[in-house]
Amino acid sequence: METTVTSPSGRTLHHRAIRQTTPREDNEAKEVRINITREQRVAKNKEYLKNANVQAFLKAIGEAEGGGYDFKFGAVKGRKNDSWRFTDFSTHPGAGKGGVTTAAGLYQITKPTWHDHGENGMGLTDFTPETQDLIAVSILRRRRVIEKIEEGDIEAGVFQASLQWAALPMGRGQPGRYKQPYFKFEHFEEVYKAAGGTTK
């Protein structure tokens, strides 16, 4: 094989390496990731939020996490003049009691999760209740369980969601994944149904 070749413009090109490939065909299904814009992602998440089962599932997560949209870690429901509540929703509020964790809001979303799903994923820079809801939907979508929740399969939903939210059980008659207090499945289901959710 020649080590140089002359291009049509007269430039001498030098051969550096050769690579042989063997074409191969197969019938296996391939997962294809399609990049969507942040605006499209927000729009899709808003569509999911219109579903009654998704709304009920989010309410049940919020109840299990024991939070409110204005809660930092350490806030307690019913406590007056709670210093661990916040009023500035323009950004993530940061660390709560003891500076141990940045978990905040109804779903106890940490600052890195807010940055990942909110800022990077959807271009959202605030921490309003709507943004918190959209981030929770984004988390469930990434766990590939949002469609199951839409259909009312809350057992599949809880199993995947418990990877993110430590206060959830892994399923009916099962404990939580982590060594901390958790909602029993029956209680989760009760809150879910009271919020208008239906099951398969």
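You'll find the structure just up there.
A brief report on the enclosed structure follows. (Residues numbered from 1 in each chain as written. Predicted model: local features only at pLDDT ≥ 70, side-chain atom pairs only at ≥ 80, totals over all residues. Heavy atoms only, no water.)

**Concerning the overall build of the protein**
Next up, step 1: Within the protein, the regular secondary structure consists of 7 helices and 2 strands.
Next up, step 2: When its helices and strands are written in sequence order, the protein yields β-β-α-α-α-α-α-α-α.
Next up, step 3: Sequence-distant contacts, at least 24 apart, represent 49% of the contacts inside the protein between residues at least 6 apart.
Next up, step 4: When the accessible surface of the protein is split by element, carbon and sulfur atoms take 49% of a total near 12500 Å². (Helix = DSSP H or I, 4+ residues; strand = E, 2+ residues; numbered from the N terminus. Contact = heavy atoms within 4.5 Å. Areas by Shrake-Rupley, 256 points an atom, 1.4 Å probe, with all protein chains shown as cover.)

**Regarding helix α4 (residues 129–142)**
Next up, step 1: Given a rise of 1.5 Å per residue, 14 residues ought to cover 20 Å, and the 20 Å separating the end C-alpha atoms of α4 matches this to within 8%.
Next up, step 2: Of all 14 residues in α4, 10 are buried; the element is thus mostly enclosed.
Next up, step 3: In this structure, the buried residues of α4 make contact with α1 (38–49), α2 (52–65), α3 (111–122), α5 (146–150) and α6 (154–161).
Next up, step 4: Taken from the residues just after α4, Arg144 is the one with a positive phi, measuring 60 degrees. (Expected span 1.5 Å × (residues − 1). Buried < 20%, exposed > 50% of the residue type's maximum accessible area, 1.4 Å probe, protein only.)

**A closer look at the packing of α3 against α4**
For any two helices packed against each other, the geometry is given by the interaxial angle and the distance between the axes.
Next up, step 1: Packing of α3 against α4 leaves a shortest axis separation of 10 Å and a crossing angle of 95 degrees. Between α3 and α4, the interaxial angle falls into the category roughly perpendicular. Residue-level inspection shows Thr113, Trp114, Asp116, His117, Gly118 and Met122 of α3 in contact with α4, the latter providing Leu134, Ile135, Ser138, Ile139 and Arg142.
Next up, step 2: When the residues that make up the contact of α3 with α4 are grouped by side-chain class, the tally is 5 nonpolar, 4 polar and 2 charged. (Axes fitted to C-alpha atoms, helices over the stretch in contact; angles between N-to-C directions. Parallel < 35°, antiparallel > 145°, perpendicular 65-115°, else oblique. Nonpolar A, V, L, I, M, F, W, Y, C, P; charged D, E, K, R; others polar.)

**Concerning the nonpolar core**
Next up, step 1: By size, the foremost hydrophobic cluster in this structure holds 39 residues, and its most contacted members are Phe57, Leu58, Ile61, Tyr107, Leu140, Trp165 and Phe188.
Next up, step 2: Among the secondary structure elements, those contributing two or more residues to this core are α1, α2, α3, α4, α5, α6 and α7 (185–194).
Next up, step 3: In terms of residue count, α2 provides more of this core than any other element does, 7 residues in total. (Core = buried A, V, L, I, M, F, W, Y, C linked by side-chain atoms within 4.5 Å.)

**Overview of the side chain of Gln108**
Next up, step 1: Its location among the elements puts Gln108 in the loop between α2 and α3.
Next up, step 2: According to the relative accessible area criterion, Gln108 is buried, its value standing at 16%.
Next up, step 3: Setting aside residues no more than four positions away along its own chain, Gln108 makes contact with Glu65, Phe71, Phe73 and Ala103.

**Here's the deal with the pattern of salt bridges**
Close approach of charged atoms allows side chains with opposite charge to pair.
Next up, step 1: For the coordinates displayed, the defined rule picks out 9 salt bridges.
Next up, step 2: Between Glu47 and Lys50 there is a salt bridge; the shortest N-O distance is 2.9 Å.
Next up, step 3: When its relative accessible area of 45% is taken as the criterion, Glu47 is described as partly exposed.
Next up, step 4: Residue Arg79 is joined to Asp82 by a salt bridge in which the shortest nitrogen-to-oxygen separation is 3.5 Å.
Next up, step 5: Taking relative accessible area as the criterion, Asp82 reaches 10% and is therefore assigned buried.
Next up, step 6: Ionic contacts of the salt-bridge type, sharing partners, join the residues Glu155, Arg172, Glu189 and Lys193 into one network. (Salt bridge = Lys/Arg side-chain N within 4 Å of Asp/Glu carboxyl O.)

**Considering the packing of aromatic side chains**
Next up, step 1: Within the structure shown, the criterion is met by 5 aromatic pairs.
Next up, step 2: For the ring pair Phe57 and Tyr192, a centre distance of 6.5 Å and an interplane angle of 80 degrees mean the geometry is edge-to-face. On the criterion of sequence distance, the pair formed by Phe57 in helix α2 and Tyr192 in helix α7 is long-range, its members being 135 residues apart.
Next up, step 3: Residue Phe57 is classed as buried on the basis of its relative accessible area of 0%.
Next up, step 4: When its relative accessible area of 0% is taken as the criterion, Tyr192 is described as buried.
Next up, step 5: Aromatic rings pair up to connect Phe57, Phe188 and Tyr192 into one cluster.
Next up, step 6: Across the ring face of Phe159, the terminal group of Arg177 is positioned such that the distance to the ring centre comes to 4.5 Å. (Phe/Tyr/Trp six-rings, centres within 6.5 Å; stacked < 30°, edge-to-face > 60°. Lys NZ or Arg CZ within 6 Å of the ring centre and 35° of its normal.)

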